[in-house]
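One-letter residues, chain by chain:
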Amino acid sequence: MGTSGMVIVGAGEAGVRAAFALREHGYHGSVTLIGDELHLPYERPPLSKTEDEPVRPIVAEARFAETGITLLRGRAVTAIEAAVNTLALDDGDSLPYERLLLATGASPRRLQGLNYGKRVHVLRTVEQAAAIRQAMQKGHHLAILGGGFIGLELAAMGRKLGAAVTLIEVQPRVLMRGVPERLSLALQARHLHEGVNIICGVGIEAIAENDTSVSIALADGRQFDADALVVGIGAEPNNALAAEAGLLLENGIAVDDHLRTSNPDIFAAGDCCSYPVAVYGGRRVRLESWRNAQEQGTVAAANMLGKAESFDAVPWFWSDQYDLTLQVAGLSDGATSLVARPISTEAEILFHLDPDGRLLAASGLGPGGAVSRDIRLAEMLIARRAHPAPSALADPSIKLKSLL
Ligand SMILES: Cc1cc2nc3c(=O)[nH]c(=O)nc-3n(C[C@H](O)[C@H](O)[C@H](O)COP(=O)(O)OP(=O)(O)OC[C@H]3O[C@@H](n4cnc5c(N)ncnc54)[C@H](O)[C@@H]3O)c2cc1C
């Protein structure tokens, strides 16, 4: 294969956005997007949220031809020969690049020592989602290990489909990471109300699978059978290619504020990379969030073309469970106080402040889009490094917009 130009490895959220952003920035050269999945690039968030319409394409197939983007599906890149700006593909082909973007995403973390048979699932791909949905039939018993976003969203979906659900979380409560206790307990209460059996503070000791069920032994001696088990205990960055190419790693592929790796011709974006978060003084984090992947794809594309755009977005993510939406803007680490703002009888926002009164993050929970507008305004306050008066944040009659 003899084309050069811009090459992107990983046809997920970040890779697809970057490919189209290259064209939007006026680049007319060759753009090649390589993905090892067979499907047209698809959205992952619906996989744990909607029981129908399992494959939602990121863009319509025709858009690739219309914009002259070459999409290679079901093809894996096996090595980066960085010294000669060339990639090796799984079929023996090689592909030169002028600039390369690594948008390889992340893979579900595996529980050490656990035997993953037919009835033990993880969730990242559309095929895995289909297998889990099969296990959620009415009357089935689904066990879920991990009270993070994916585990909880799947618990909600399981109940909606009529399955019995047992969720096991080793921490004392669900959503220990990044969500204030008050909101995670509210979500936990809702799951209990919907009939999810939640077991916190204990892990799985062993599992045994046979043709009809999976038997789960907990560390405290309890034991039960389920039709299937989903392990949702986080994800690891896909950085093997980068590691073999000698790129700097630090909780994923390390990039600078231009999303450039330690090799000047190679960029990275999305779940696979860690970057310095400008709004928190350059603290390095790796995010697994849909909007982050999109925004980083856009900025990486600009910088592949020689622009010098700094990535300075405020982290943001959401989760849907039942009719509730949780949204978190910013990172709450370092916060020492919380201020609550009621939005309605069913919705509230918690503001996380540091010891100097600076707003670091805002977490909101409520039905539908109840918290969306105020979280968006909080995001703007966070970006401006604002020190809003706690009394004003707490008072729903004072518009957040007036604090900007
Ligand atoms: C079930 C689920 C629900 C989610 N829900 C939410 C949500 O509610 N809110 C939110 O903010 N975020 C959510 N996310 C996270 C969000 O989907 C991810 O942050 C986003 O998809 C990351 O995009 P990415 O492009 O970095 O990686 P990915 O979308 O994972 O794409 C990477 C692609 O690269 C491919 N690849 C890897 N290595 C190679 C190689 N060597 N050669 C070729 N191809 C390769 C992978 O197979 C994959 O197709 C969810 C994720 C999952 C799995």
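Residues numbered from 1 in each chain as written. Predicted model: local features only at pLDDT ≥ 70, side-chain atom pairs only at ≥ 80, totals over all residues. Heavy atoms only, no water.

**Things to note about the site of the ligand**
At step 1: Taken together, 33 residues lie near the ligand, and Asp-36, Glu-37, Lys-49, Arg-124 and Asp-271 sit nearest.
At step 2: Measuring from an oxygen atom of the ligand, one finds a backbone N or O atom of Ala-14 at 2.8 Å.
At step 3: With the chains in place, 92% of the 1,000 Å² that the ligand exposes on its own is no longer accessible.
At step 4: If you list the elements that add at least two residues to the shell around the ligand, you get α1 (13-24), β2 (31-35), α4 (149-160), α7 (290-304) and β22 (316-321).
At step 5: When residues of the shell around the ligand are assigned to domains, at least three map to each of domain 1 (5-107 + 235-304) and domain 2 (110-231). (Near = heavy atom within 4 Å. Polar contact = N/O pair within 3.5 Å; in protein donor to acceptor, adjacent residues only side chain to side chain. Areas by Shrake-Rupley, 256 points an atom, 1.4 Å probe, with all protein chains shown as cover. Helix = DSSP H or I, 4+ residues; strand = E, 2+ residues; numbered from the N terminus. Domains from an automatic or database assignment.)

**Focus on the nonpolar core**
At step 1: Membership of the largest hydrophobic core comes to 79 residues, with the highest contact counts inside it found for Leu-87 and Leu-102.
At step 2: It is α1 that contributes the most residues to this core, seven residues altogether.
At step 3: Among the domains, domain 1 (5-107 + 235-304) and domain 3 (323-403) are the pair contributing at least three residues each to this core.
At step 4: Those residues in contact with Leu-87 that sit more than four places away from it in its chain are Val-7, Val-9, Ile-34, Val-77, Ala-79, Ile-80, Asp-93, Ser-94, Leu-95, Tyr-97 and Leu-100. (Core = buried A, V, L, I, M, F, W, Y, C linked by side-chain atoms within 4.5 Å. Buried < 20%, exposed > 50% of the residue type's maximum accessible area, 1.4 Å probe, protein only. Contact = heavy atoms within 4.5 Å.)

**A few points about unusual backbone geometry**
At step 1: In this model, Leu-175 sits at a positive phi of 45°, which is unusual for a non-glycine residue.
At step 2: Along the chain, the position of Leu-175 falls in the loop between β11 (164-169) and α5 (181-193).
At step 3: A positive phi is found at Asn-251, a non-glycine position, where the angle reads about 50°.
At step 4: Counting through the fold element by element, Asn-251 comes out in the loop between α6 (240-244) and β18 (253-254).

**Remarks on the pattern of salt bridges**
At step 1: Counted by the stated rule, this structure contains 21 salt bridges.
At step 2: In this structure, Arg-75 engages Asp-93 in a salt bridge whose closest nitrogen and oxygen atoms are separated by 3.6 Å. Of the two residues, Arg-75 is situated in the loop between β3 (69-73) and β4 (77-81) and Asp-93 in the loop between β5 (86-89) and β6 (94-96); the sequence distance between them amounts to 18 residues.
At step 3: When its relative accessible area of 27% is taken as the criterion, Asp-93 is described as partly exposed.
At step 4: Note that Asp-220 and Arg-222 form a salt bridge whose closest N and O atoms lie 2.8 Å from each other.
At step 5: The class of Asp-220 is partly exposed, set by a relative accessible area of 42%.
At step 6: Given the relative accessible area of 44%, Arg-222 is considered partly exposed.
At step 7: Within the structure, one salt-bridge network assembled from shared partners comprises Arg-291, Glu-295, Arg-376 and Glu-379. (Salt bridge = Lys/Arg side-chain N within 4 Å of Asp/Glu carboxyl O.)

**Some thoughts on the side chain of Gln-321**
At step 1: Along the chain, the position of Gln-321 falls in strand β22.
At step 2: Here Gln-321 falls in the buried class, since its relative accessible area comes to 1%.
At step 3: A polar side-chain atom of Gln-321 sits 3.0 Å from a polar atom in the side chain of Ser-319.
At step 4: If we skip the residues at most four places from it in the chain, Gln-321 touches Phe-149, Leu-152, Glu-153, Ala-156, Leu-187 and His-191.

**Here we look at the sheet that holds β2**
At step 1: A sheet is described by the order of its strands in space; here five strands give the open sequence β3-β2-β1-β7-β19, paired in parallel fashion. With one partner strand each, in any of the chains shown, β3 and β19 (266-268) form the two edges of the open sheet. Neighbouring strand axes in the sheet, compared pairwise and without regard to direction, differ in orientation by 20° on average.
At step 2: Pairing of β2 with β3 involves five bridges; the strand directions are parallel. Paired with Gly-35 across the two strands is Arg-73, which belongs to β3.
At step 3: Of the strands in this sheet, β1 (6-9), β2, β3 and β7 (99-102) touch α1, which is tilted by about 175° from β2.
At step 4: Strands β1, β7 and β19 of the sheet are contacted by α7, whose axis makes an angle of about 165° with β7. (Pairing = 2+ DSSP bridges. Axes fitted to C-alpha atoms, helices over the stretch in contact; angles between N-to-C directions.)

**Considerations on the sheet that holds β5**
At step 1: Pairing within the open sheet is antiparallel, and its three strands lie in the order β4-β5-β6. If you trace the sheet from one side to the other, it starts and ends with β4 and β6, each paired once. For this sheet, the mean angle separating the axes of adjacent strands, direction not counted, is 25°.
At step 2: Taken together, the three bridges between β5 and β6 define a ladder with antiparallel strand orientation. Within β6, the position partnered with Thr-86 by the bridge is Pro-96.

**Structural notes on the domain arrangement of the protein**
At step 1: Partitioning the protein into structural domains gives domain 1 (5-107 + 235-304), domain 2 (110-231) and domain 3 (323-403).
At step 2: At the junction of the two partners, domain 1 supplies eight residues and domain 3 supplies 10 residues.
At step 3: Between domain 1 and domain 3 lies a buried interface of about 630 Å² when both sides are counted; carbon and sulfur atoms form 49% of it.
At step 4: By the criterion of area lost to domain 3, the three top residues of domain 1 are Val-279, Tyr-280 and Arg-283, representing 72% of everything that side buries.
At step 5: At the junction of domain 1 with domain 3, the criterion picks out two salt bridges. (Buried area = accessible area lost by both parts, 1.4 Å probe.)

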